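Descriptive analysis of the structure
Next come the chains, spelled out residue by residue.
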Amino acid sequence: MKVLVIGGGAREHALCRSLSLDPDVTALHCAPGNAGIAEVAELHPVDALDGGAVAALAAELGAELVVVGPEAPLVAGVADAVRAAGVPVFGPSKEAAELEGSKAFAKDVMAAAGVPTARSYVCTNPAEVDEALDAFGAPYVVKDDGLAAGKGVVVTSDLAVATAHANACDRVVVEEFLDGPEVSLFAITDGRTVVPLQPAQDFKRALDGDEGPNTGGMGAYSPLPWADPKLVDEVMETVLQPTVDEMRRRGTPFSGLLYAGLAITSRGVRVIEFNARFGDPETQVVLARLKTPLAGVLLASANGTLADIEPLRWSDDAAVTVVIASHNYPDTPRTGDPIEGLDEVAERDAPHAYVLHAGTKRVGGSIVSAGGRVLSVTASGKDLTAARSRAYAALGRIRLDGSQHRTDIAAKVAGE
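Structure report, in brief.

Thresholds, definitions, all that
- Residues numbered from 1 in each chain as written.
- Predicted model: local features only at pLDDT ≥ 70, side-chain atom pairs only at ≥ 80, totals over all residues.
- Heavy atoms only, no water.
- Helix = DSSP H or I, 4+ residues; strand = E, 2+ residues; numbered from the N terminus.
- Rg over C-alpha atoms; globule rule 2.2 N^0.38 Å.
- Buried < 20%, exposed > 50% of the residue type's maximum accessible area, 1.4 Å probe, protein only.
- Contact = heavy atoms within 4.5 Å.
- Areas by Shrake-Rupley, 256 points an atom, 1.4 Å probe, with all protein chains shown as cover.
- Lys, Arg positive; Asp, Glu negative; His and termini not counted.
- Charge placed at Lys NZ, Arg CZ, Asp CG, Glu CD.
- Salt bridge = Lys/Arg side-chain N within 4 Å of Asp/Glu carboxyl O.

1. Examining the overall build of the chain
Of regular secondary structure, the chain possesses 13 helices and 24 strands. Relative to its length of 416 residues, the chain is compact, with a C-alpha radius of gyration of 20 Å against a globular reference of 22 Å. Along the first, second and third principal axes, the C-alpha atoms of the chain reach 55 × 45 × 40 Å. Relative to its 416 residues, the chain shows a buried fraction of 57%. Looking at the chain alone, contacts between residues at least 24 apart form 69% of all its contacts between residues at least 6 apart. Looking at the chain as shown, the accessible area adds up to about 16500 Å², and 50% of this sits on carbon and sulfur atoms. Computed over 36 positive and 56 negative side-chain charges, the inter-centroid distance for the chain is 3 Å.

Following this line, the structure appears as structure tokens:
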């Protein structure tokens, strides 16, 4: 099978790494990719938001499966253009991707499907914002209705901060604060059958101890030893299957990766948000534990044959990923700094630890930073303590001037 992956972050590097290890994948392409992905796939320049250009590239390469990684191309309808060209594609249609593209739309679907979520108000002017913030009280949860690359949500006890964020958006969802730990659960679906992956937990705040601003994610781990063993079954029954059924009932079936961000509250599981694609950095740890070859599962989603696949096989090992970010992330990050130590990690830490590239590019003979989140150092081990130790040992070999990372990813759950 010839596979084309669209995107250029650590999520796409994780996908490409898994696909490169799949014996059924005979040729692997990525557009536009990054310096790390170039080691496992052939790169091609493309405007990832241009459906016609992506479809033309897929046809030119003779791709038998296109995997759309990021949310923006999905919301822009890139998967529709590829499907129209007759190429199987892993990723939802533009209409179905509104589950991520609009928080208000997602709330409407959840209400219709009876999915448990936070109470909320959709606000379009300052008066409505003031009323909603007053109704719920602190801590305030304010979400930009549209796409914001993981940084459109403000959770704060400062009313002025909450109000300023809300009024800077065209349309916002103000909702009640959900207590309890958060869980990310991915599921692959073909619009009817739903196959859950293993749960993970990510770390959204920039600084140790969950301090600092919200980011796109600074690290993740899987499995979750503290979670109820029946959690996945419960979420399948109360969240994932009802949502997929409701989308099909509306005539906009959801095919691809449905990501449920969950809060395990004192009143039970509640959905924080849906995403329409693999999450970053959780994908890095979930795929590190997946033993079933990936390409066949993604193709079954694209072709509507998920009911026919064998149950997924998982490693008993734990996995931890730690993000290395640029100076000043998540504000305006500094780029163009050389990255050193990558060869050292490959020589000394493989196969238990490896580096997935996010914001990197090759300039001459050097690899330099080219984004806010630069690298995801990922490791596996017999338990979270071992995986965490390997991830931080590998991270210690990497040098990037001014870079930042959290030192406490999975520390509490590992008993450290």
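Now that the structure has been shown, the text picks up again.
2. Remarks on the pattern of salt bridges
Under the defined criterion, the tally for this structure stands at 25 salt bridges. Residue Glu71 pairs with Arg11 through a salt bridge whose shortest N-O separation is 4.0 Å. Residue Glu71 is found in helix H3 (residues 71–75), and its partner Arg11 is found in helix H1 (residues 10–20); the two are separated by 60 residues along the sequence. Taken individually, Glu71 and Arg11 each receive the classification buried, so the pair is uniform in this respect. With its nearest N and O atoms 3.1 Å apart, the salt bridge here joins Arg250 to Asp108. Of this pair, Arg250 sits in the loop between helix H9 (231–249) and strand E16 (256–265) while Asp108 sits in helix H6 (residues 103–113), placing them 142 residues apart in sequence. Of the residues examined, Arg250 reaches a relative accessible area of 29% and is grouped as partly exposed. Residue Asp108 is classed as partly exposed on the basis of its relative accessible area, which comes to 42%. One salt-bridge network, held together by shared partners, links Arg11, Glu12, Glu71, Glu100 and Arg277.

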